[in-house]
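Inside the fold
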Amino acid sequence: QVQLVESGGGLVQPGGSLRVSCAASGFTFSTYAMSWFRQAPGKERDLVAGISSVGGVTIYADSVKGRFTISRDNAKNTVYLQMNSLKPEDTAVYYCKAHKGRVEYWGQGTQVTVSS
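Since this is a predicted model, take the numbers as computed values, not measurements.

Parameters and conventions
Residues numbered from 1 in each chain as written. Predicted model: local features only at pLDDT ≥ 70, side-chain atom pairs only at ≥ 80, totals over all residues. Heavy atoms only, no water. Helix = DSSP H or I, 4+ residues; strand = E, 2+ residues; numbered from the N terminus. Rg over C-alpha atoms; globule rule 2.2 N^0.38 Å. Contact = heavy atoms within 4.5 Å. Disulfide = S-S within 2.5 Å. Buried < 20%, exposed > 50% of the residue type's maximum accessible area, 1.4 Å probe, protein only. Salt bridge = Lys/Arg side-chain N within 4 Å of Asp/Glu carboxyl O. Phe/Tyr/Trp six-rings, centres within 6.5 Å; stacked < 30°, edge-to-face > 60°. Lys NZ or Arg CZ within 6 Å of the ring centre and 35° of its normal.

Focus: the overall build of the protein
The secondary structure content of the protein amounts to 0 helices and 11 strands. Seen in sequence order, the protein has helices and strands lined up from the N terminus as β-β-β-β-β-β-β-β-β-β-β. In terms of C-alpha radius of gyration, the protein reaches 13 Å, essentially the compact-globule figure of 13 Å for 116 residues. Each principal axis of the C-alpha atoms in the protein carries an extent, and together these give about 40 × 25 × 25 Å. Put simply, of all contacts in the protein between residues at least 6 apart along the chain, 53% involve residues at least 24 apart.

Here we look at the state of the cysteines
In total, this model carries 1 disulfide according to the counting rule given. Each sulfur in the disulfide pair C22 and C96 lies 2.0 Å from the other. Between C22 and C96, the disulfide has an S-S torsion of 45° and is therefore right-handed. With a gap of 74 residues between them, C22 in strand β3 (residues 18-25) and C96 in strand β9 (residues 92-100) connect regions that are remote in the sequence.

Digging into unusual backbone geometry
Positive phi is not limited to glycine here, since N77 has a value of about 55°. Secondary-structure assignment places N77 in the loop between β7 (68-73) and β8 (78-83). Overall, N77 belongs to the partly exposed group, its relative accessible area being 27%. For S85, which is not glycine, the phi dihedral falls at a positive 50°. The residue S85 is located in the loop between β8 and β9 in this model.

Observations regarding the pattern of salt bridges
Tallying each qualifying case throughout the model produces 4 salt bridges. For R38, the salt bridge is made with D90, and the minimal N-O distance between the two is 2.9 Å. Of the two residues, R38 is situated in strand β4 (residues 33-39) and D90 in the loop between β8 and β9; the sequence distance between them amounts to 52 residues. Residues R38 and D90 agree in their burial class; the two are buried. E104 is the salt-bridge partner of K97, the closest N and O atoms lying 3.5 Å from each other. Residues joined by salt bridges that share partners form a network here, namely R38, R67 and D90.

Observations regarding the packing of aromatic side chains
Going through the model one piece at a time under the given rule, you end up with 5 aromatic pairs. Between F27 and Y105, the ring centres sit 5.2 Å apart and the planes meet at 40°, which makes this aromatic pair tilted. Of the two residues, F27 sits in the loop between β3 and β4 while Y105 sits in strand β10 (residues 103-106), which places them 78 residues apart along the sequence. In this structure Y105 comes out as partly exposed when scored by relative accessible area, which is 24%. In this structure an aromatic cluster arises from ring pairing among F27, F29, Y32 and Y105. For R45, the ring lying beneath its charged end belongs to Y95, and the centroid distance is 3.6 Å.

What follows is the structure, encoded as structure tokens:
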């Protein structure tokens with residue numbers, strides 16, 4: 001059974017940092033590219049960052065470049081998103097996605113709230 005379980009969300013003050021994680025099981029994690037998306041209330045789900053299956057290639061949305069870092073540990077079947085210099089506009093539910101060709105799996109999401 002495929003599972004993607006996000007964790008690490010929470011409430012943080014503007015300018016703070018948070019790391020969210022996504023633990024995968026039920027498929028060969030190291031052969032899938034991984035991405036983080038986010039969805040704020042009333043808005044569409046948007047790509048935040050992506051990383052290739054072996055971690056050599058990363059991409060970022062312009063809004064998070066220089067502040068967020070995506071990484072993965074294939075030995076632990078886990079992908080991370082380190083978020084620094086957080087802003088109120090980063091508030092959203094953060095989802096991880098595994099994808100290879102036409103196959104994709106989604107996690108259930110973790111809430112990140114940036115507020116003073």
